[in-house]
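Residues per chain, in single letters:
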Amino acid sequence: MTARWTTAVLDTDQPGGWAVARSPEGFLFDDNGALFPREWLKRQELSILTEHGIGHLDGEPVYLLELHRSSEVPGCNWKGLRAFMLDGDHTVYKVLGYAAQIGTWAREHRFCGNCGQAMTQVPGERAMYCQPCDLRSYPRISPSMIVLVTRGDEILLARSPRFVTGVYSTLAGFAEPGESAEDCLIREVREEVSIEVKNIQYMGSQCWPFPHSMMLGFHAEYAGGEIVCQEDEIEDAQWFNVHDLPPLPASKSIARYLIDVYVARRLGHAEPVLPG
Ligand SMILES: NC(=O)C1=CN([C@@H]2O[C@H](COP(=O)(O)OP(=O)(O)OC[C@H]3O[C@@H](n4cnc5c(N)ncnc54)[C@H](O)[C@@H]3O)[C@@H](O)[C@H]2O)C=CC1
Ligand SMILES: [Mg+2]
Ligand SMILES: [Zn+2]
């Protein structure tokens, strides 16, 4: 089976294709979804900051119009990426997730970080270029570790003050310069709940375009310590029995996948598949 969606660097001078429009209020959508005929979309009153050709959906070229601000388009509305993840078609969410990462990067790399001059798009490459500095800036990806720590029938879950009320999730955190994935995981678990872990096992990864995380998922076993929650970051953390779990994260997240795999293994159920 071939993928419905593949990324590509397309020439914006070519006409036609589909386009998505992204503003700080999210993506434009109507009853048919978030993809619009590109020539029609460009005739609307949109304050276009930059345009990028981002790939092919079912063989058709797709472009991103990154906007300064949202505006009224008759029959249309604006919606954040998270809402598309929760209730939309997964392939469309992948298109929009990629568009969001390219849009964020394009918006934040209009000027050279070295000399401050305007940068230009490199034809055929996903890069912004400063000629005087001979400097290329590529889309930013932030590696983040996420880990389910277990102790027999118990799993360690925590709440950030930012979570939806009642929801508990696995521990996560961004890699810092100088760290391996394992170093980062051990540090994050130590910092957030003061627990030591062993037998770290890689489980899989997930692109998390909020705004540019690359989640690397692990399982680890409890090795020692008592839970002490990190001030401000962790509101509560507890050992939960696999038979008695609190409200969990959204089903398409890798956090939920890590939990569901372990619970399935303990209970002898079929294991879930990680959404791509
Ligand atoms: N897909 C999933 O299932 C889940 C994804 N996540 C994602 O994992 C990422 C990390 O989780 P957190 O617990 O929030 O991280 P964290 O534990 O490292 O704490 C966040 C702090 O890290 C710093 N920070 C922010 N952006 C950074 C970057 N790009 N590089 C280095 N440090 C940075 C800031 O000081 C921020 O307050 C987030 O993007 C979060 O949305 C978290 C849980 C579940
Ligand atoms: Mg964290
Ligand atoms: Zn420069």
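Residues numbered from 1 in each chain as written. Chains lettered and ligands numbered in written order. Predicted model: local features only at pLDDT ≥ 70, side-chain atom pairs only at ≥ 80, totals over all residues. Heavy atoms only, no water.

Here is the rule: UniProt positions are given in the numbering used here, feature names are shortened, and annotations may be inferred rather than shown by experiment.
An unreviewed UniProt entry lists the protein under the name NAD-capped RNA hydrolase NudC, with Pseudomonas jessenii as the source organism. Listed in UniProt under the heading Subunit (unreviewed entry), the comment for the protein reads: "Homodimer."

Re the coordination of the zinc ion (ligand 3)
Cut-off, in case you're wondering: Here a donor is an N, O or S atom found within 2.8 Å of the metal, or within 3.2 Å if the metal is Na, K or Ca; sites may look incomplete because water is not among the atoms. Irregular is the label for any site that misses the other tests, which are tetrahedral for four donors with all angles between 85 and 135 degrees, and square planar for four donors or octahedral for six when opposite donors exceed 155 degrees and the remaining angles lie between 65 and 115.
Note on the zinc ion (ligand 3): its protein donors are Cys112 (SG), Cys115 (SG), Cys130 (SG) and Cys133 (SG). The metal-donor distances range over 2.3 to 2.4 Å. Coordination at the zinc ion (ligand 3) comes from four donor atoms whose angles at the metal span 102 to 118°, giving a geometry best classed as tetrahedral. Sequence spacing of the donors to the zinc ion (ligand 3): C-x2-C-x14-C-x2-C.

Remarks on the UniProt feature "binding site: substrate" (unreviewed entry) in the protein
In plain terms, the rule: A pocket, in this scheme, is an open set of points on a 1 Å grid over the protein atoms alone with protein on both sides within 12 Å along at least 5 of 7 lines, while a cavity is a set where a 1.4 Å probe fits but cannot get out; residues line either one if an atom lies within 4 Å of a point. Runs of E in the DSSP output that reach at least two residues are strands. Runs of H or I that reach at least four are helices, and both are numbered from the N terminus. Using a 1.4 Å probe on the protein chains alone, a residue whose accessible area is under 20% of its type maximum counts as buried, one over 50% counts as exposed, and one in between counts as partly exposed. Should any heavy atoms of two residues lie within 4.5 Å, those residues are counted as being in contact.
When the UniProt feature table is mapped to this numbering, "binding site: substrate" (unreviewed entry) covers Arg82, Glu125, Tyr138, Gln206, Cys207, Trp208, Pro209, Phe210, Pro211, His212, Ser213 and Ala255. Look at the named residues: they lie 174 residues apart in sequence, and the longest C-alpha span between them is 32.8 Å, so in the fold they stay spread out. Residues from the annotated list that form part of the lining of the largest pocket: Arg82, Gln206, Trp208, Phe210, Ser213 and Ala255. Considering the arrangement of structural elements, one finds Tyr138 in the loop between strand S10 (135-137) and strand S11 (142-151). Under the relative-accessibility criterion, Tyr138 is labelled partly exposed at 42%. Those residues within four positions of Tyr138 in sequence are excluded, and the remaining contacts are Trp105, Glu125, Arg126 and Ala127.

Focus on the domain arrangement of the protein
To keep it simple, the criterion reads: Here the bounds of each domain stem from an automatic or database domain assignment. Accessible surface is computed with a 1.4 Å probe, and the buried area is the amount of it that two parts give up when combined, taken over both parts together. One side-chain nitrogen of Lys or Arg within 4 Å of one carboxyl oxygen of Asp or Glu is enough to make a salt bridge. Any N or O atom pair separated by 3.5 Å or less is treated as a polar contact, with the protein-specific requirement of one donor-capable and one acceptor-capable atom, and with residues adjacent in sequence counted only for side-chain atom pairs. Classification used: nonpolar for Ala, Val, Leu, Ile, Met, Phe, Trp, Tyr, Cys and Pro, charged for Asp, Glu, Lys and Arg, polar for all others including Gly.
Each domain of the protein was delimited in the assignment, giving domain 1 (5-108), domain 2 (112-139) and domain 3 (142-267). Counting residues at the interface gives 10 residues for domain 1 and nine residues for domain 2. Approximately 740 Å² of surface area, both sides summed, lies buried where domain 1 meets domain 2, with 58% of it carried by carbon and sulfur atoms. By the criterion of area lost to domain 2, the three top residues of domain 1 are Val9, His52 and Trp105, representing 72% of everything that side buries. On the surface where domain 1 and domain 2 come into contact, there are zero salt bridges. In this assembly, domain 1 and domain 2 are joined by seven residue pairs in polar contact (both at pLDDT 80 or more). Elements that contribute at least two residues to the side of domain 1 that touches domain 2 include exactly strand S1 (5-10), strand S5 (48-57) and helix H3 (90-108). For the side of domain 1 that touches domain 2, the element with the highest residue contribution is S5, accounting for five residues. Of the residues that constitute the side of domain 1 that touches domain 2, the class distribution is six nonpolar, three polar and one charged.

Let's talk about the layout of surface pockets
Gaps left between atoms show up when a probe the size of a water molecule is rolled over them. Defined as follows: Grid points are joined across faces, edges and corners, and a volume is the space filled by probe spheres set on the points.
There is about 1,000 Å³ of room inside the largest pocket. Lining the largest pocket are 33 residues; nearest its centre among them are Arg82, Arg162, Phe163, Ser169 and Trp208. Residue assignment for the lining of the largest pocket shows that the elements contributing at least two residues are helix H2 (81-87), S11, strand S12 (154-159), strand S13 (171-174), helix H4 (181-193), strand S14 (196-208), strand S15 (213-224) and helix H5 (254-267). A per-element tally of the lining of the largest pocket places S13 first, with four residues. Grouping the constituent residues of the lining of the largest pocket by class yields 19 nonpolar, eight polar and six charged. Two domains each provide a minimum of three residues to the lining of the largest pocket, namely domain 1 (5-108) and domain 3 (142-267). Taken as a whole, the second largest pocket spans an internal volume of roughly 340 Å³. Only S1, H3, S14 and S15 provide two or more residues apiece to the lining of the second largest pocket. Broken down by element, the residue count for the lining of the second largest pocket peaks at seven residues, all from H3. Among the residues forming the lining of the second largest pocket, the class breakdown is 12 nonpolar, eight polar and two charged.

A word on the site of ligand 1
The test is simple: One heavy atom within 4 Å of a molecule or strand makes the whole residue count as near it. Surface accessibility follows the Shrake-Rupley procedure with a 1.4 Å probe radius. Residue values consider only the protein chains on display as shielding.
In the region of ligand 1, 18 residues are neighbours, and Ala172, Phe174, Glu192, Ser213 and Ala255 sit closest. In this structure, Ser142 approaches ligand 1 through a side-chain N or O atom, which is 3.3 Å from a nitrogen atom. For ligand 1, an oxygen atom lies 2.9 Å from a polar atom in the side chain of Glu192. Taken by itself ligand 1 offers 850 Å² of open surface, and the protein chains cover 65% of this.

A few points about the sheet that holds strand S9 (residues 128-130)
In a beta sheet, neighbouring strands pair by backbone hydrogen bonds and run either parallel or antiparallel. For the record, the criterion: At least two bridges found by DSSP between two strands are what make those strands a pair.
Strand order in this open sheet of three strands is S8-S9-S10, and the pairing throughout is antiparallel. Edge positions in the open sheet fall to strand S8 (120-121) and S10, since each of these has one partner strand only. As paired elements, S9 and S10 share three bridges and run antiparallel to each other. When the bridges of S10 are listed, Met128 appears paired with Ser137.

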